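One letter stands for each residue in the lines below.
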Amino acid sequence: GDSVTQMEGPVTLSEEAFLTINCTYTATGYPSLFWYVQYPGEGLQLLLKATKADDKGSNKGFEATYRKETTSFHLEKGSVQVSDSAVYFCALSPRGSNYKLTFGKGTLLTVNP
Amino acid sequence: EAQVTQNPRYLITVTGKKLTVTCSQNMNHEYMSWYRQDPGLGLRQIYYSMNVEVTDKGDVPEGYKVSRKEKRNFPLILESPSPNQTSLYFCASSLSPQSSYNEQFFGPGTRLTVL
């Protein structure tokens, strides 16, 4: 079945540091890929998405590129802020349907001033 | 404001006492789903509904029931809760399940403790 593997946390960075959270997937065909963010005490929010190979999703300074050859969708941000402290989830859904989201285990990011 | 609401937000109960967690969305979404979030396991889908009167099992449906009598509501029912159902529960909805362009909107979560 489909699966998502993302780097284990927690990740602790200083403000303005570069962030990478690795995500790889196993799926049949060409799934759509997502990053969701969960701020403390809140539900998940979609951060960015990509629906085909070489697509780059971006939002709020975060970026991720759909790499079919390496089955990866790594999340990056050039300069993190304290307000980026949250749990980040990589997820996939089968092409043409988002009724089945498969999530990674989540990565806790803490950014210190 | 477009949103998914869940009630209650926090619940402590005892083994075997039936409970219902409500979920409601005001966006006229067709698709709704329940997830549970556990440390080290991420989110796992319990049940989902493609439309009114259409529900199906997710990855971890044991011990749960759902119903979808109206488009806006999708309650999660635990007929006889057990301690292994202690978890953080999220309801989600999206406009249509048929397109990957429709994001899922999540509720704020319900923290359930079963003693």
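Residues numbered from 1 in each chain as written. Chains lettered and ligands numbered in written order. Predicted model: local features only at pLDDT ≥ 70, side-chain atom pairs only at ≥ 80, totals over all residues. Heavy atoms only, no water.

(A) The overall build of chain B, seen in detail. Secondary structure assignment for chain B yields zero helices and 11 strands. At 13 Å, chain B has a C-alpha radius of gyration in line with the 13 Å of a compact globule built from 115 residues. Within chain B, residue pairs in contact and separated by at least 24 positions form 54% of the contacts whose partners lie at least 6 positions apart. A total of about 5,500 Å² of accessible surface is found on chain B, and carbon and sulfur atoms cover 51% of it. Of the side-chain charges in chain B, 12 are positive and 10 negative, and the distance between the mean point of each set is 7 Å. (Helix = DSSP H or I, 4+ residues; strand = E, 2+ residues; numbered from the N terminus. Rg over C-alpha atoms; globule rule 2.2 N^0.38 Å. Contact = heavy atoms within 4.5 Å. Areas by Shrake-Rupley, 256 points an atom, 1.4 Å probe, with all protein chains shown as cover. Lys, Arg positive; Asp, Glu negative; His and termini not counted. Charge placed at Lys NZ, Arg CZ, Asp CG, Glu CD.)

(B) Structural view of the pattern of salt bridges. Residues and elements named next belong to chain B. Inspection of every chain in the model, using the stated rule, returns seven salt bridges over all chains. We note a salt bridge from K18 to E79, for which the minimum N-O separation is 4.0 Å. Placement of K18 in the loop between β2 (10–13) and β3 (19–25) and of E79 in the loop between β8 (76–78) and β9 (87–94) is noted, with a sequence separation of 61 residues between them. Classification of K18 by relative accessible area gives exposed; the value is 52%. (Salt bridge = Lys/Arg side-chain N within 4 Å of Asp/Glu carboxyl O. Buried < 20%, exposed > 50% of the residue type's maximum accessible area, 1.4 Å probe, protein only.)

(C) How the structure looks around the nonpolar core. Formed by 26 residues in total, the largest nonpolar core has its most connected members in A:W35, A:L47, A:L48, A:F73, A:L75 and A:Y88. Elements represented by at least two residues in this core include exactly β2 (11–14), β3 (19–21), β4 (23–26), β5 (32–38), β6 (44–50), β8 (62–65), β10 (86–93) and β12 (107–112) of chain A. In terms of nonpolar packing, the next biggest core, distinct from the first, is built from 19 residues, B:I46, B:Y64, B:F74 and B:L76 among them. (Core = buried A, V, L, I, M, F, W, Y, C linked by side-chain atoms within 4.5 Å.)

(D) Examining the interface of chain A and chain B more closely. Listed as interface residues are 24 residues of chain A and, on the opposing side, 27 residues of chain B. Between the two partners, chain A and chain B, sit zero salt bridges. On the surface where chain A and chain B come into contact, there are two residue pairs in polar contact (both at pLDDT 80 or more). With four residues, the top contributor of residues to the side of chain A that touches chain B is β5(A). Among the residues forming the side of chain A that touches chain B, the class breakdown is nine nonpolar, 10 polar and five charged. (Polar contact = N/O pair within 3.5 Å; in protein donor to acceptor, adjacent residues only side chain to side chain. Nonpolar A, V, L, I, M, F, W, Y, C, P; charged D, E, K, R; others polar.)

(E) Quick peek at the sheet that holds β8(A). All names here are of chain A. One open sheet holds the four strands; their spatial order is β3-β9-β8-β7, and the pairing between them is antiparallel. At either end of the open sheet lies a strand with only one pairing partner, and these are β3 and β7 (56–59). Within the sheet, the average angular offset between the axes of one strand and its neighbour, ignoring direction, is 15 degrees. Pairing of β7 with β8, which is carried by four bridges, proceeds in the antiparallel orientation. Bridged to S58 within β8 is E63. (Pairing = 2+ DSSP bridges. Axes fitted to C-alpha atoms, helices over the stretch in contact; angles between N-to-C directions.)

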